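Residues per chain, in single letters:
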Amino acid sequence: MYSTHDVLRDLTAVDHALYLAVAGTETPALDRGLRLISAAADHSKISLTLAGLMTLRRGRARRAALHGVAAVATASAVANLVGKHLVRRPRPVRAAETNPERHVPMPDSASFPSGHTASAFAFALAVGSVLPAAAMPLGALALAVGYSRVHTGVHYPGDVAAGAVVGIACAAVVSAVASRWATHARNA
């Protein structure tokens, strides 16, 4: 029987190997675009811009924007104020052979979980629960944000996976609370 320590050691080894595989793969056609996506996701700028545009429409689009912003706020708080302080995982050390053209500035915060990914997934799922047609494109964008954080050298893949789980959970909570509140408002 393997101990929890053994399992965590092996998962960390796989996480580091995946990070190094991405870092060591030459992708000049992708580097600039992924660097731009990563930077545009700072402070949830992509999600908040989309939410702002959605508020220009009435009805479901406006409600979806509200759900999305609430989910981003929740996911950001959970990832950055709770998760990073509990785990305190150091950021990756960028390999010397990595093309510096793909890098974004290394954040000072802990690495686990990815707050960018948590917020992007939270927005995608919360908006998608109100506007199902938006779920796939926003989900694809969330995946791109998550991958961009590994590609640019600021997160391990495990940080991104954990961020996605945080975002999905926070979107589910926001959607459940909004649904309960709407039911209560209709019955009042």
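Residues numbered from 1 in each chain as written. Predicted model: local features only at pLDDT ≥ 70, side-chain atom pairs only at ≥ 80, totals over all residues. Heavy atoms only, no water.

Draft legend 1. How the structure looks around the packing of helix 3 (residues 45-54) against helix 5 (residues 115-130). Contact pair helix 3 / helix 5: the axes reach a minimum separation of 10 Å and the direction vectors enclose 25 degrees. The pairing of helix 3 with helix 5 is recorded here as roughly parallel in orientation. Facing S47, L50, A51 and M54 of helix 3, the residues of helix 5 in contact are S119, A120, F123 and V127. Of the residues contributing to the contact of helix 3 with helix 5, the split by class is 6 nonpolar, 2 polar and no charged. (Axes fitted to C-alpha atoms, helices over the stretch in contact; angles between N-to-C directions. Helix = DSSP H or I, 4+ residues; strand = E, 2+ residues; numbered from the N terminus. Parallel < 35°, antiparallel > 145°, perpendicular 65-115°, else oblique. Contact = heavy atoms within 4.5 Å. Nonpolar A, V, L, I, M, F, W, Y, C, P; charged D, E, K, R; others polar.)

Draft legend 2. Representation of the nonpolar core in the model. In terms of nonpolar packing, the biggest core is built from 18 residues, with M54, A64, F123, V127, L138, A142 and V145 touching the most fellow members. Residue assignment for this core shows that the elements contributing at least two residues are helix 3, helix 4 (60-87), helix 5 and helix 6 (132-151). Top element by residues in this core is helix 5. It accounts for 6 residues. In this view, A64 contacts M54, V127, V130 and L131; residues no more than four positions away in its chain are not counted. Counting residues in hydrophobic clusters, the runner-up holds 10 residues, among them A79, A122, C170 and V174. (Core = buried A, V, L, I, M, F, W, Y, C linked by side-chain atoms within 4.5 Å. Buried < 20%, exposed > 50% of the residue type's maximum accessible area, 1.4 Å probe, protein only.)

Draft legend 3. Representation of helix 7 (residues 157-187) in the model. Helix length check: helix 7, at 31 residues, gives a terminal C-alpha distance of 45 Å against a target of 45 Å (1.5 Å per residue), a fit within 8%. Along helix 7, the residues that are buried comprise D159, V160, A162, G163, A164, V166, G167, C170, A171, V174, S175 and A178. Turning to helix 7, the residues buried within the fold contact helix 1 (4-23), helix 4, helix 5 and helix 6. (Expected span 1.5 Å × (residues − 1).)

Draft legend 4. Representation of the packing of helix 2 (residues 28-40) against helix 6 in the model. Orientation of helix 2 relative to helix 6, taken along the N-to-C sense of each, is 115 degrees, at an axis distance of 8 Å. In terms of orientation, helix 2 and helix 6 fall into the roughly perpendicular class. Of the two elements, helix 2 crosses helix 6, and the hand of that crossing is left-handed. Contact with helix 2, carried on its side by L30, D31, L34, I37 and S38, involves A144, V145, Y147, S148, R149 and H151 of helix 6 and no other residues of that element. Grouping the amino acids of the contact of helix 2 with helix 6 by side-chain chemistry returns 6 nonpolar, 3 polar and 2 charged. (Left-handed = near helix turned anticlockwise from the far one by under 90°.)

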